[in-house]
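One-letter residues, chain by chain:
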Amino acid sequence: MNITIIGSGYVGLVSGACFSEFGFNVTCVDKDEEKIKNLKKAIIPIFEPNLEDLVKKNIASNRLTFTTDLASSFYDSVAIFIAVGTPTNIKNNSTDLSYVYGVVKEIADLIKVNDKNTKLIVTKSTVPVGTSKDIIKYISKYKPELKLYEHYDVASNPEFLREGSAIEDFMRPDRVICGAESEFAENILQKLYRPLNLRETLILFTGRETAELIKYASNGFLATKISFINEMSDICEKVGADVQKVAKGIGLDRRIGSKFLHPGPGFGGSCFPKDTRALAEIGKKYDVRTKIIESVIEVNDNRKLNMVVKIKNAIGGLENKIISILGLTFKPNTDDMRESPSLVIVSELKKIVAKIKVYDPAGMGNAKKLKEFDGVEWCNNAYDCISNANAMVVITEWNEFRALDLTKVKKLLQTPIIIDLRNVYNKQDMDEAKIEYISVGRSE
Ligand code: NAD
């Protein structure tokens, strides 16, 4: 079976590599010529563990190809996946669907009325509820001679992979959600995900709108857990409780579960911030007040600013101080800088301190392109970054920051203060190293 995936970013590239590993012939399309030129040579544009090997292997087996020319693979493909970006439209917080509709138009242009093969258009991008239906409306207006179910069909197959463990998540998902409204669409999606049957993955078939909402409801719920534990950590600091133990204590209740209860500087990344905003906008559009999601967004926005206050309080007067920042990406094992808490924290600190030194194992290439980091000193490793600073701040919990030599850290710092926004260290080790230690939600 041949399939085409349009958009070769985090989702499109990982999905393409994994579907080809399942044995399908996959063509990944992108309009970025440089990206495609590199991908043809297995040069991967993103940092994602094990992706390079998977891409190399499947290029070699001729099951995975890359092109900028959609027409070249279109007619041989039974399914065309849309995996382009759906960022927030900053003017009104709605979802910018211009990339999606750009692709839909290209697809409609290519479908031939006399072609006997129905094309299945699958939205893998996260799109607002109702988008699949709107795509059908768009095509029937733009090219009325094309008939739904005869020339094309539309299904929703939202993606749940996490950056940093994307291949594992795609290959061993908790579930696959398919919004399909014809036997034709259901059959194709069944075939494509059949390799997961061996692992007894649940493939849940629903209507298109239900599938679209499941994606937002999942991300909304996970973001709620994060904002909730962050609020609990603030209470812990005031009352002398330990948020790690609170998280463990509530997480042992199977109705709650232990995942996504890690306090920190707030959620970021390419999905949670934009998807929570989109969910609130979907509520507004349909006249449903989404107070919980609105609060989650507000708590998270404030959280990042509160981390700046926390740093200020820990260090005192900041005017002449040098601050060392370890970790810039929104989480470890990715180079994705989109909406990372570090953007807010660094740009706020920059207004007050004398110098900011930064280091991230994978994110500095992308961070260097962002104005929030103009004027910072880029360092080659963690110790270089800590050297001569008045405080070390951990923003991202990369493994290489978890076991720094604290004796060396103390010697390198001008004043021995560590502000650990991810709770990777413990107070006892810091006391032994004679380092002043501030963490999140742990007063002891
Ligand atoms: P991305 O920005 O990494 O990649 C999008 C790609 O689409 C880019 O390479 C861009 O050049 C390409 N593109 C745009 N218009 C095109 C066109 N007309 N033709 C061909 N290529 C085109 O985005 P991403 O992070 O992979 O996200 C894609 C979608 O998946 C979004 O809706 C996102 O919300 C969703 N999603 C992302 C993740 C994640 O972890 N990144 C997880 C689940 C779902």
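Every value quoted in this text rests on a predicted model; they were computed, and no experiment measured them.

**Concerning the sheet that holds strand E13 (residues 377–378)**
Backbone hydrogen bonds hold the strands of a sheet together, and the pairing may be parallel or antiparallel.
Reasoning step 1: A sheet is described by the order of its strands in space; here six strands give the open sequence E13-E12-E11-E14-E15-E16, paired in parallel fashion. With partners counted over all chains shown, the strands left at the sheet margins are E13 and strand E16 (436–438), one partner each.
Reasoning step 2: Sheet topology note: the strand E14 (residues 391–394)/strand E15 (residues 417–420) ladder contains three bridges and is parallel. Paired with Val-393 across the strands is Ile-419, a residue of E15.
Reasoning step 3: Docked against the sheet, helix H12 (residues 291–315) engages strand E11 (322–326), E14, E15 and E16, running at close to 160° with respect to E15.

**Brief notes about the layout of surface pockets**
Reasoning step 1: Put simply, the second largest pocket is a space of about 210 Å³.
Reasoning step 2: What lines the second largest pocket is a set of 15 residues, and nearest its centre among them are Thr-95, Leu-97, Pro-128, Ile-282 and Lys-285.
Reasoning step 3: Going through the elements one at a time, strand E6 (94–95), helix H6 (131–142) and helix H11 (272–285) are the ones with two or more residues in the lining of the second largest pocket.
Reasoning step 4: By residue number, the principal contributor to the lining of the second largest pocket is H11, which donates four residues.
Reasoning step 5: Residue composition of the lining of the second largest pocket, by class: seven nonpolar, five polar and three charged.
Reasoning step 6: Residues from two domains meet in the lining of the second largest pocket; each of domain 1 (2–206) and domain 2 (216–296) gives at least three.

**A few points about the site of the ligand**
Reasoning step 1: In the neighbourhood of the ligand, 26 residues make up the surrounding shell, with Val-11, Asp-30, Lys-35, Thr-86 and Lys-274 lying closest.
Reasoning step 2: One of the backbone nitrogen or oxygen atoms of Lys-31 is found 3.3 Å away from a nitrogen atom of the ligand.
Reasoning step 3: Contact distances for the ligand include 2.6 Å between an oxygen atom and a side-chain N or O atom of Thr-86.
Reasoning step 4: Here the ligand has 830 Å² of accessible area as a free molecule, and 90% of this is covered by the chains.
Reasoning step 5: Where the shell around the ligand is concerned, the elements lending two or more residues are helix H1 (10–22) and helix H5 (98–110).
Reasoning step 6: Looking at the shell around the ligand, the element that brings in the most residues is H5, giving three residues.
Reasoning step 7: Shared between two domains, the shell around the ligand takes at least three residues from each, and those domains are domain 1 (2–206) and domain 2 (216–296).

**Points about the pattern of salt bridges**
If the charged atoms of two oppositely charged side chains come close together, the side chains can form a pair.
Reasoning step 1: Scanning all chains against the criterion turns up 24 salt bridges.
Reasoning step 2: A salt bridge links Glu-209 to Lys-133, with the nearest nitrogen and oxygen atoms 3.8 Å apart. Of this pair, Glu-209 sits in helix H9 (residues 208–239) while Lys-133 sits in helix H6, and the two are 76 residues apart along the sequence.
Reasoning step 3: With a relative accessible area of 24%, Glu-209 lands in the partly exposed category.
Reasoning step 4: Overall, Lys-133 belongs to the partly exposed group, its relative accessible area being 45%.
Reasoning step 5: Arg-277 is the salt-bridge partner of Glu-339, the closest N and O atoms lying 2.5 Å from each other. With a gap of 62 residues between them, Glu-339 in the loop between E11 and helix H13 (341–350) and Arg-277 in helix H11 connect regions that are remote in the sequence.

**Focus: the domain arrangement of the protein chain**
Reasoning step 1: Each assigned domain of the protein chain is listed with its residue range as follows: domain 1 (2–206), domain 2 (216–296) and domain 3 (305–438).
Reasoning step 2: Look at where the C-alpha atoms of domain 2 and domain 3 centre, and you get two points 24 Å apart.
Reasoning step 3: At the junction of the two partners, domain 2 supplies 14 residues and domain 3 supplies 13 residues.
Reasoning step 4: For the domain 2 and domain 3 pair, buried surface summed over both sides reaches about 940 Å², with 49% attributable to carbon and sulfur atoms.
Reasoning step 5: The largest per-residue losses of area from domain 2 upon contact with domain 3 belong to Pro-265, Gly-269 and Ser-270, which jointly make up 50% of the total buried on that side.
Reasoning step 6: One can count two salt bridges joining domain 2 with domain 3.
Reasoning step 7: The residue Glu-237 makes a salt bridge to Lys-310 at a minimum N-O spacing of 2.7 Å.
Reasoning step 8: Put simply, domain 2 and domain 3 have four residue pairs in polar contact (both at pLDDT 80 or more) between them.
Reasoning step 9: When contributions to the side of domain 2 that touches domain 3 are tallied by element, the ones reaching two or more residues are helix H10 (243–251) and H11.
Reasoning step 10: The element best represented in the side of domain 2 that touches domain 3 is H11, accounting for three residues.
Reasoning step 11: Residues of the side of domain 2 that touches domain 3, tallied by class, amount to five nonpolar, six polar and three charged.

Conventions we followed
- Positions within a chain are numbered from 1, following the residues in the order the chain's sequence is written.
- Whole-chain, interface and lining totals are the exception, using all residues; otherwise, since this is a predicted model, local features are given only for residues with pLDDT of at least 70 and side-chain atom pairs are given and counted only at 80 or more.
- For side-chain calculations, the full set of non-hydrogen atoms in the structure is used, while hydrogens and water are omitted.
- Two strands pair if DSSP finds at least two bridges between them.
- A helix here means a DSSP run of H or I that spans at least four residues, while a strand means a run of E at least two residues long, and both kinds are numbered starting from the N terminus.
- Throughout, a residue-residue contact means that at least one pair of heavy atoms, one from each residue, lies within 4.5 Å.
- A fitted line through C-alpha atoms represents every axis, and for helices the fit uses only the stretch in contact; the resulting angles, taken between N-to-C directions, go from 0 to 180 degrees.
- Only protein atoms enter the 1 Å grid used here. Points where a 1.4 Å probe fits but cannot escape make up a cavity, open sets with protein on both sides within 12 Å along at least five of seven lines make up a pocket, and a residue lines them when an atom lies within 4 Å of a point.
- Grid points are joined across faces, edges and corners, and a volume is the space filled by probe spheres set on the points.
- Gly is put with the polar residues, along with every residue not named as nonpolar or charged; the nonpolar set is Ala, Val, Leu, Ile, Met, Phe, Trp, Tyr, Cys and Pro, and the charged set is Asp, Glu, Lys and Arg.
- How far each domain reaches was decided by an automatic or database domain assignment.
- Residues are classed as near a molecule or strand on a simple rule: at least one heavy atom within 4 Å of it.
- Here a polar contact is recorded for every N or O atom pair within 3.5 Å, except that within protein the pair must consist of a potential hydrogen donor and a potential acceptor, and residues adjacent in sequence are included only if both atoms are side-chain atoms.
- Using a 1.4 Å probe, the Shrake-Rupley method yields the accessible areas, and only the shown protein chains count as cover for residues.
- Only one rule defines a salt bridge in this text: a Lys or Arg side-chain nitrogen within 4 Å of an Asp or Glu carboxyl oxygen.
- A simple rule labels every residue: compare its accessible area, found with a 1.4 Å probe on the protein chains alone, to the largest value its type can have, and call it buried under 20%, exposed over 50%, or partly exposed in between.
- Once two parts are joined, some of their accessible surface, as seen by a 1.4 Å probe, is lost; buried area is that loss totalled over both.

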